[in-house]
Amino acid sequence: MERLQKVIANLGYCSRRHAEELIKEGKVLVNGQVITELGTKVKSSDSISVEGNILDNNKNYEYYLLNKPRGVVTTTNDEFGRKTVLDLVISSNRIYPVGRLDYDTTGVLLLTNDGNLANKLMHPSSNIEKTYIAKIEGVMNPTSIMKLKKGVVIDGYKTRPAKVKVKSIDKKINKSIVQITITEGKNHQVKNMFEAVGHKVLKLKREKYAIFDVKDLKVGEYRKLTFKEVAILYSLVNKK
Ligand code: URA
């Protein structure tokens, strides 16, 4: 038997102090009952939910940040037998990627076995910012930049407003480097957005996902998230 606030903190949901606040505010349920008593002890078979998030306290959650290389798929099982991100991140748990990156896209990718958090992060309502650096064919003009910023129509769907910054333009070789930040994650979204304004993406890297970048990781390297980083992710999906 362990104290409820300690169990919530150990599962990576938030700090013990914050867990105490949540308990006092009546946001914690044990086996469906609101618990506001701080000293309450729970056993591993008890079902705990916090702010509507079910915590599985029999399970060890793991959270990883990978600098995804080119030439690796983010599906967990590839029909063509290609290398997957799960061949790179070694875990004894059934982890999976949070969202997708294309075979030829590099950069920030989170992986976890915490389905509740992953689903919330992937849901468009979480508004998680994803920043990409795209090397594109052609020279970006102000009209195209404005269109990308306002949103372009792809398959009858208008993309949400995006942040767009031209990093460099090389007229000699007819290429541009553009930074774009979006809050959605439709399949091939960035490539399709540039395509919609007449530019082919030649190279794509996700340089940021929420608070995460991969500046301290070589391509193909990964690390575990810290307790604090997991708590930040939870706070991002629970803010309303
Ligand atoms: N948009 C794309 O087009 N590809 C990715 O891999 C990610 C976002």
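Structural data are supplied above this passage.
Residues numbered from 1 in each chain as written. Predicted model: local features only at pLDDT ≥ 70, side-chain atom pairs only at ≥ 80, totals over all residues. Heavy atoms only, no water.

Colleague: Quick one: what's the story with the overall build of the protein, residue by residue and with numbers?
Modeller: Scanning the protein from terminus to terminus reveals six helices and 16 strands. The C-alpha extent of the protein, read off along each of the three principal axes, is 70 × 35 × 30 Å. Taken across its 240 residues, the protein has 45% of its residues classed as buried. For the protein, restricting intrachain contacts to residue pairs at least 6 apart in sequence, the fraction spanning at least 24 positions comes to 63%. Of the roughly 13,000 Å² that the protein leaves accessible, carbon and sulfur atoms contribute 49%. (Helix = DSSP H or I, 4+ residues; strand = E, 2+ residues; numbered from the N terminus. Buried < 20%, exposed > 50% of the residue type's maximum accessible area, 1.4 Å probe, protein only. Contact = heavy atoms within 4.5 Å. Areas by Shrake-Rupley, 256 points an atom, 1.4 Å probe, with all protein chains shown as cover.)

Colleague: Please set out helix α3 (residues 115-122) residue by residue, giving values where relevant.
Modeller: Residues of α3 that are buried: Gly115, Leu117, Ala118 and Leu121. The arc enclosing the buried residues of α3, seen along the axis, measures out at 165°, which places them on a common side. Elements that come into contact with the buried residues of α3 comprise β7 (63-68), β8 (96-97), β9 (105-112), β15 (201-209) and α6 (227-238). (Arc of directions from axis to C-beta.)

Colleague: How would you explain the site of the ligand if you had to name every residue and give the values?
Modeller: Lining the immediate surroundings of the ligand are Leu101, Asp102, Thr105, Tyr132, His188, Gln189, Val190, Lys191 and Leu204. One nitrogen or oxygen atom from the side chain of Thr105 is found 2.8 Å from an oxygen atom belonging to the ligand. Measuring from an oxygen atom of the ligand, one finds a backbone N or O atom of Lys191 at 3.0 Å. Examining the composition of the shell around the ligand, we find that three residues originate from one element, helix α5 (residues 189-196), more than from any other. Residue classes in the shell around the ligand are distributed as four nonpolar, three polar and two charged. No fewer than three residues from each of domain 2 (63-125 + 212-225) and domain 3 (129-209) sit in the shell around the ligand. (Near = heavy atom within 4 Å. Polar contact = N/O pair within 3.5 Å; in protein donor to acceptor, adjacent residues only side chain to side chain. Nonpolar A, V, L, I, M, F, W, Y, C, P; charged D, E, K, R; others polar. Domains from an automatic or database assignment.)

Colleague: Break down the packing of α3 against α6 for me, with residues and values.
Modeller: For the pair α3 and α6, interaxial distance at closest approach is 10 Å and the crossing angle is 50°. Here α3 is positioned oblique relative to α6, judged by the angle of their axes. Along this stretch, α3 crosses α6, giving a crossing that reads as left-handed. Together, Asn116, Leu117, Lys120 and Leu121 of α3 and Leu233, Tyr234, Val237 and Asn238 of α6 make up the contact between the two elements. (Axes fitted to C-alpha atoms, helices over the stretch in contact; angles between N-to-C directions. Parallel < 35°, antiparallel > 145°, perpendicular 65-115°, else oblique. Left-handed = near helix turned anticlockwise from the far one by under 90°.)

Colleague: Quick one: what's the story with the pairing of strand β14 (residues 175-182), residue by residue and with numbers?
Modeller: For β14, the tally of buried residues reaches six of eight residues, placing the bulk of the element in the interior. Summarising the sheet, strand β13 (residues 163-170) and β14 pair through seven bridges and their orientation is antiparallel. Residue pairing for β14: Val164 is matched across the bridge by Ile180. Here β13 hands over to β14 after four residues, with Asn174 in that stretch at a positive phi of 60°. (Pairing = 2+ DSSP bridges.)

Colleague: So what's going on with the pattern of salt bridges? Residues and values would help.
Modeller: Throughout the structure, instances matching the rule amount to eleven salt bridges. Among the ionic pairs, Lys6 bridges to Glu2, the shortest N-O distance being 2.9 Å. Of the residues examined, Lys6 reaches a relative accessible area of 29% and is grouped as partly exposed. What makes Glu2 partly exposed here is its relative accessible area of 33%. The closest approach of N and O atoms between Asp104 and Lys191, which form a salt bridge, is 2.7 Å. Separated by 87 residues along the polypeptide, Asp104 in the loop between β8 and β9 and Lys191 in helix α5 bring together distant segments of the chain. Each of the salt bridges in this network shares a partner with another, and the network as a whole consists of Asp102, Asp104 and Lys191. (Salt bridge = Lys/Arg side-chain N within 4 Å of Asp/Glu carboxyl O.)

Colleague: Got a sec to walk through the nonpolar core? Specific residues and values, please.
Modeller: Counting 36 residues, the largest nonpolar core has Leu4, Ile8, Ile48, Leu110 and Leu121 as the members making the most contacts within it. Elements represented by at least two residues in this core include exactly α1 (4-10), α2 (16-24), β2 (28-30), β5 (48-50), β7, β9, α3 and α6. The element contributing the most residues to this core is α6, with four residues. Ignoring anything within four residues of it in the chain, the contact list for Leu121 reads Val98, Leu110, Ser126, Ile128, Tyr209, Leu233 and Val237. In terms of nonpolar packing, the next biggest core, distinct from the first, is built from 29 residues, Tyr64, Ile154, Val164 and Met193 among them. (Core = buried A, V, L, I, M, F, W, Y, C linked by side-chain atoms within 4.5 Å.)

Colleague: I'd love a proper account of the sheet that holds β5, names of residues and values included.
Modeller: Sheet architecture is open: four strands sit in the order β3-β2-β5-β6, paired in antiparallel fashion. Here the strands that pair on one side only, and so sit at the sheet edges, are β3 (33-34) and β6 (53-55). Alignment of β2 against β5, held across three bridges, turns out to be antiparallel. Among the inter-strand pairings, Leu29 is bridged to a residue of β5, identified as Ser49.

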